[in-house]
Amino acid sequence: MPSYSFTLNGKRVTVEAPADMPLLWVLRDLLNVTGPKYGCGVGACRACTSHLDGDEIQPCVVPVADCAGREITTIEGLADGDRLHPVQQAWLDCDVAQCGFCQPGQIMATAALLKKTPRPTDADIDRIENVCRCGTYSRIREAIKKAAADS
Amino acid sequence: MASQLSRRQFVVYSLAATTLTVAAPLGCDGSTAQGAEEAAAGARGASDVLVTGTDEEMLVLEVTPANRVVVRLPRVEVGQGVTTAVAMMIAEELDARLADVDIPLADARSKGNQFTGGSNSVSSLYGPARHLAATARAKLVTAAARQWHVPARTLRTRDTTVFGPDGRSATFGSLTRAAARITRPAVSTSPKPASKHRVIGRPATRIDARDIVTGKAKYTGDLTAAGARPTVVARPPTIGGKVVSVDSQAARAMPGVHAVVRIDGGVAVVAETFHHAFQARDALRIKWAPGPLANLSDTEIRSRLRAAVPKLETPPRGSAQTEAEFEFAFVSHAPMEVLTAVADVRADRAEIWFSSQTPQSAREDIAARIGLPASKVRVHVLRGGGSFGRRLNYDAAIEAALISKQARRPVKLMWSRADDIRHGRMRPATHHRIRASHAQGRVVAFAHATASVDESSEQGLSTQGGARSAVRAPAAAPLPSDSGLYNFGRLSGDSGSVGLAIPLGAWRSVDSGTVRTAEEIVVDEVARSLGKDPVAFRRTTLRSKAVRAVLDKVAKAGDWGRTMPRGHAQGVGVHEEYGSCVACLVEIDAADPKNPRVTKVVMAADVGTAVNPRGLEAQLMGTAVDGISTILRAGLHIDRGAVRESSFADFHYARQRHAPQHFEAHIMPSRRDPGGAGELGVPAAAGAVANAYARATGTKPRRFPLDF
């Protein structure tokens, strides 16, 4: 079986996996990194959203072979030790979560958005595709604006 | 309105333990709980009895030497915020810091009430939780008073600590062993009056918020329990289809495949990872027999429903009629976390982990299905990634147990999103016929007849984990609304059904989600035919002052009647249930009628005491998005016995671009005991969205979702 090395949340890891194995299952089933969630497996719900070289990806549709030698960040790697990332802090301050299942993906999508668009408009926020079945969208919008203002 | 739990006599027991451990009985609901408690009081005589037996029927509070307050909760947390609300009740009466309170979820019990549903968790726990904590506090204070040789009444409590008049202090944890031996507390064991509340009624952040934002919160799929291996099931293309034959040779030969077993619902693959499991599943060559609905599609289901609606009563002579018929499509619960269960079934015992609203029924049913006594089956209840009623049923847990038994190994079964959407469960499709009869500007009779798809037991669907009590839609839906919300003269109603072998389930707000939504639309249409404003008409016809007050609140806060651009409009809806009431005002931009956007939502709710106003606001926000979704976009099609949709790409639950840019919730002040809130907002929000769309477009919406 081929083996792939990449940086995961700041640490070098090597996994043996089939080339077409989606990163999501590499993270969850081989590396026990369970912050990225399965919600659909087809990149539609975006509950697994994480970062590849700082850009937003849906690990459920990214084969592990595409990640070799690159840098992956999941929700577990977003904070700086005990100091939360401004997006996580805004999520906490606005008490965004209900069931919480989609929120790692929502937070990662927002962190990627703010990196490119530090002052997002309502229209920018509307382009976020991540589904929240609890319907926390209004608090997500509020938290995005707060994170933008605070960082 | 909510039963006044606080007026009842509560009994709190002490459990024999070396640390302070007190317990309060939990009844089945407000009314039966009273009987149970009276019986218990009669049997024991006193209110502070040492019990050495089981804590199964109780809410149990323990103070640990490490100064943690632990209350094992016989309910499930699925996002509704029950763990935070209970932690607040405990912190309030104990004078503990909220951060020192832990609310783990109790394993399935053999007795007592462990049902999460009907929006009754907060109202059923409000009395017992507060009495429990008040008793624990009294014992801690008494223990400190004895140690310090001072009168107990001179001591104060705050921040999980007892303070003496001279400035001495002791944490609850340091006093817990001494407090365990206190049988007669020297200070009151009664909860505080509401005027003294410092935690209850003030907005609090979820106790698990930090775990969630850091990715630490664990759901069933995140467990490594028992070394369970990833498992998926190949399911038939049609609902209720059956395996005729399976060639699993190729699948079994694939790397990482541990087992392939045939089950009722299809063929299960146990593998090293979910990737291997899905790949092997797709390599199975299965011949399927079509399910019992294979010749059935939406058009025929709709016409059968229409035909099953009973006749309306004859209208009063001389009255004019406003009549309407409505159709609601099937809707998936689609919680973000798909159904997942870990099962480790051995010859003589079994252990199951999953998120369940009905763990007691689940345990008994699973035990029966795998041929073990219930006492040999442990069910661990996990937090759920959403539910909306879906976790009342335990289809996946039964399936996981059967697969584990056959494969002789622990399994972690996950339904794919397509499994979840295509094989149910779902809110039943319904048809409504409503007639309001009016004379001299008043409604003199209101009739509402419905037909709903009813899950027939054909194909053994009833054995797929239907919970037994109170969760299936009742045969006779509440018609018209139970509460008789309006002064509409003579009320009448009837319901019919179309039995189909289709997996259904109670969906947030159950029948009210369609029945009351349809009624709110008709109320607007009656107002229009009488030449009255929808808010003014409701104000003069609503029976209850509380409902009028929430309506007034949204009308004022939402600036009802303000001038809107062409193609934009406001709409309102109200609802009363669970001892609570709610009003919703929405603004919609339907300038493009094919692509409407709800731009603003204003809600007001009177739920009695709002234990956590921030949690209540979150629940209202969720029901607003449910209303927007079910009215405008989200539904399931049935094509020749199969569900057409398979993911969030085609099941169009709202995303950020469909959610209002502005949301606000107003919570009416009240000292009444809490009513229910989790499901309350759905009919008001759905009705308001439909009414706003009607007013913006000049149409009469009849079939939901509108864009389908």
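For clarity, every value in this text was computed on a predicted model and none was experimentally measured.

### Observations concerning helix H7 (residues 274-283) of chain B
Moving on, step 1. Burial of H7(B) is extensive: eight of the ten residues sit out of reach of the surface.
Moving on, step 2. Listed as buried for H7(B) are B:Phe274, B:His275, B:His276, B:Ala277, B:Phe278, B:Gln279, B:Ala280 and B:Arg281.
Moving on, step 3. Summarising the contacts, the buried residues of H7(B) are in contact with helix H1 (23-30) of chain A together with strand E10 (229-234), helix H6 (249-252), strand E12 (257-263), strand E13 (266-271) and strand E20 (411-414) of chain B.

### Observations regarding the domain arrangement of chain B
All names here are of chain B.
Moving on, step 1. What the domain assignment reports for chain B is domain 1 (5-204), domain 2 (220-291 + 339-414) and domain 3 (300-331 + 425-704).
Moving on, step 2. Domain 1 puts 20 residues into the contact, and the matching count from domain 3 is 22 residues.
Moving on, step 3. Those elements giving two or more residues to the side of domain 1 that touches domain 3 turn out to be helix H2 (82-94) and helix H3 (121-148).
Moving on, step 4. Sorting elements by how many residues they give to the side of domain 1 that touches domain 3 places H2 first, with four residues.
Moving on, step 5. Tallied by class, residues from the side of domain 1 that touches domain 3 come to ten nonpolar, ten polar and no charged.

### Points about the sheet that holds strand E7 (residues 156-158) of chain B
All names here are of chain B.
Moving on, step 1. Judged by pairing direction, the sheet is antiparallel, and its three strands sit side by side in the order E7-E8-E9 without closing on themselves. Only two strands of the sheet have a single partner each, and these edge strands are E7 and strand E9 (169-171). For this sheet, the mean inter-axis angle between neighbouring strands, taken without regard to orientation, is 25°.
Moving on, step 2. Along the sheet face, H3 touches E7, strand E8 (161-163) and E9 and points at about 50° away from the line of E8.
Moving on, step 3. The sheet contacts of helix H4 (residues 172-180) involve E8 and E9, and relative to E9 the element is tilted by about 80°.

### Describing the sheet that holds E10(B)
All names here are of chain B.
Moving on, step 1. Here we have seven strands laid out as an open sheet, ordered E12-E13-E10-E20-E17-E18-E19, and mixed in their pairing. Edge positions in the sheet fall to E12 and strand E19 (377-381), since each of these pairs with one other strand and no more. In this sheet, neighbouring strand axes are inclined to one another by 20° on average, regardless of whether the strands run parallel or antiparallel.
Moving on, step 2. Judged from the six bridges that link them, E12 and E13 form a sheet pairing that is antiparallel. Within the sheet, the bridge partner assigned to Val261 lies in E13 and is Ala268.
Moving on, step 3. Relative to the sheet, helix H10 (residues 395-407) contacts E10, E12, E13, strand E17 (340-345), strand E18 (350-354) and E20, its axis offset from that of E17 by approximately 35°.

About the thresholds
Residues numbered from 1 in each chain as written. Chains lettered and ligands numbered in written order. Predicted model: local features only at pLDDT ≥ 70, side-chain atom pairs only at ≥ 80, totals over all residues. Buried ≥ 20, exposed ≤ 12 C-beta atoms within 10 Å, placed from the backbone. Helix = DSSP H or I, 4+ residues; strand = E, 2+ residues; numbered from the N terminus. Contact = placed C-beta atoms within 7 Å. Domains from an automatic or database assignment. Nonpolar A, V, L, I, M, F, W, Y, C, P; charged D, E, K, R; others polar. Pairing = 2+ DSSP bridges. Axes fitted to C-alpha atoms, helices over the stretch in contact; angles between N-to-C directions.

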